[in-house]
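Summary of the model geometry
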Amino acid sequence: MSLYQAFVVAVVILVIVPGPDMAFIITMGVGGGPLAGLSAAFGVAVGLAVHALAAILGFAAIFAVAPFLYDVLRWAGAAYLIYLAIRTWVERDDLTVVSNADGAATISHWQAFRKAAVVNLLNPKVILFNAAFLPQFVDPAAGNVVGQFLVLGVTLVVVDLLIDGPIGLAAGHAGQVLRRSRRIIKALNVVTASVFLGLALRLVLVRD
């Protein structure tokens, strides 16, 4: 198996294992429909692309020199998630938050994309992960190290999208069925708020 093939296998395994990004994508899909779930997957992919580029440019080294920047990003991400959780909880009895009268989702594709991208971008752990993960699959002897990094970064984004995209679509289709019940719609708002709060706590409490 070549170094690149090993990288692809590793990425597939990492993406398949449920994590914060997948939880957010599923939440957006269930609340907003198939296209919202897919849009959230695209948002996460864009965030991963930026993080991969940041790793290539050496942002991890910047965090080492100025560790407070890591905490600034970490707390900003947690604050954004807490804001989403509070807003969803306060509006949990408002059926128009996730659905209108006929059960159609009201979360726009752009909202799902933007929220997913912001949540991913404000997670400094992704930068550190990429900084530690990507170099393991770069062969300096093969030359053009920057080019190798770019290929790995693009591959990471594509594989993530190929896996998370269908998951977002599936969650959206499931949400279309669930949103036909007013009681379930309220429950979905409570679950969504809980997911956002859980992700915020994880970002704050799990330091490494």
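Procedures and definitions
- Residues numbered from 1 in each chain as written.
- Predicted model: local features only at pLDDT ≥ 70, side-chain atom pairs only at ≥ 80, totals over all residues.
- Heavy atoms only, no water.
- Helix = DSSP H or I, 4+ residues; strand = E, 2+ residues; numbered from the N terminus.
- Buried < 20%, exposed > 50% of the residue type's maximum accessible area, 1.4 Å probe, protein only.
- Contact = heavy atoms within 4.5 Å.
- Areas by Shrake-Rupley, 256 points an atom, 1.4 Å probe, with all protein chains shown as cover.
- pLDDT = per-residue confidence, 0-100.
- Expected span 1.5 Å × (residues − 1).
- Axes fitted to C-alpha atoms, helices over the stretch in contact; angles between N-to-C directions.
- Parallel < 35°, antiparallel > 145°, perpendicular 65-115°, else oblique.
- Left-handed = near helix turned anticlockwise from the far one by under 90°.
- Nonpolar A, V, L, I, M, F, W, Y, C, P; charged D, E, K, R; others polar.
- Core = buried A, V, L, I, M, F, W, Y, C linked by side-chain atoms within 4.5 Å.
- Polar contact = N/O pair within 3.5 Å; in protein donor to acceptor, adjacent residues only side chain to side chain.

**Some words on the overall build of the protein**
The helix and strand inventory of the protein stands at nine helices and zero strands. For the protein, the proportion of its 208 residues judged to be buried stands at 44%. A separation of at least 24 residues holds for 83% of the contacts in the protein among residues at least 6 apart in sequence. By element, 72% of the accessible surface of the protein is carried by carbon and sulfur atoms, the whole surface being about 10,400 Å².

**What to know about the side chain of lysine 115**
Note on placement: lysine 115 falls in helix 6 (residues 109–121). By relative accessible area, which is 16% here, lysine 115 ends up buried. Apart from the residues lying within four places of it in its own chain, the contact partners of lysine 115 are Phe24, Met28, Tyr80 and Leu84.

**Regarding the confidence of the model for the protein**
Of all residues in the protein, 84% have pLDDT values of 70 or greater, and the mean over the chain is 80. In this model, residues 95–104 is a region of pLDDT below 50 whose contacts with residues beyond four sequence positions or in other chains number 25 contacts.

**Overview of helix 6**
Taking 1.5 Å per residue as the helical rise, helix 6 with its 13 residues ought to reach 18 Å, and the 18 Å between its terminal C-alpha atoms agrees with that figure. Taken as a whole, helix 6 has its buried residues at Ala112, Lys115, Ala116, Ala117, Val119 and Asn120. Elements in contact with the buried residues of helix 6: helix 2 (20–32), helix 3 (34–57), helix 5 (67–90) and helix 7 (124–133).

**Section: the packing of helix 3 against helix 7**
Running from amino to carboxyl end, helix 3 crosses helix 7 at an angle of 55°, the nearest separation of the two axes being 8 Å. Judged by the inter-axis angle, helix 3 sits oblique to helix 7. Between helix 3 and helix 7 lies a crossing whose hand is right-handed. Within the contact between the two elements, helix 3 uses Leu48, His51, Ala52, Ala54 and Ala55 and helix 7 uses Val126, Ile127, Asn130 and Ala131. Of the residues in the contact of helix 3 with helix 7, the class split is seven nonpolar, two polar and no charged.

**Some thoughts on the environment of isoleucine 167**
If you trace the backbone, isoleucine 167 turns up in helix 8 (residues 145–178). For isoleucine 167 and glycine 37, which are 130 residues apart along the polypeptide, the C-alpha to C-alpha distance reads 7.7 Å. Ignoring any residue separated from it by four or fewer positions in sequence, one finds isoleucine 167 in contact with Met22 and Ile26.

**Structural notes on the environment of tyrosine 80**
For tyrosine 80, the position within the fold is in helix 5. According to the relative accessible area criterion, tyrosine 80 is buried, its value standing at 16%. For tyrosine 80, the contacting residues outside a window of four places in its chain are Arg114, Lys115, Val118, Val119 and Leu122.

**Considerations on the nonpolar core**
Counting residues in each nonpolar core, the largest one holds 25 residues, and the members touching the most others are Phe24, Met28, Ala40, Leu81 and Phe196. Secondary structure elements with two or more residues in this core: helix 2, helix 3, helix 5, helix 6 and helix 9 (182–205). If you tally residues by element for this core, the top one is helix 3, at six residues. In contact with methionine 28, other than residues within four places in its own chain, are Gly33, Ala36, Gly37, Ala40, Ala112, Lys115 and Phe196.

**A short note on the side chain of threonine 155**
In this fold, threonine 155 is placed in helix 8. Side-chain polar atoms of threonine 155 contact the side chain of tyrosine 4, separated by 2.7 Å. Setting aside chain neighbours within four positions, we find threonine 155 in contact with Tyr4, Phe7 and Val8.

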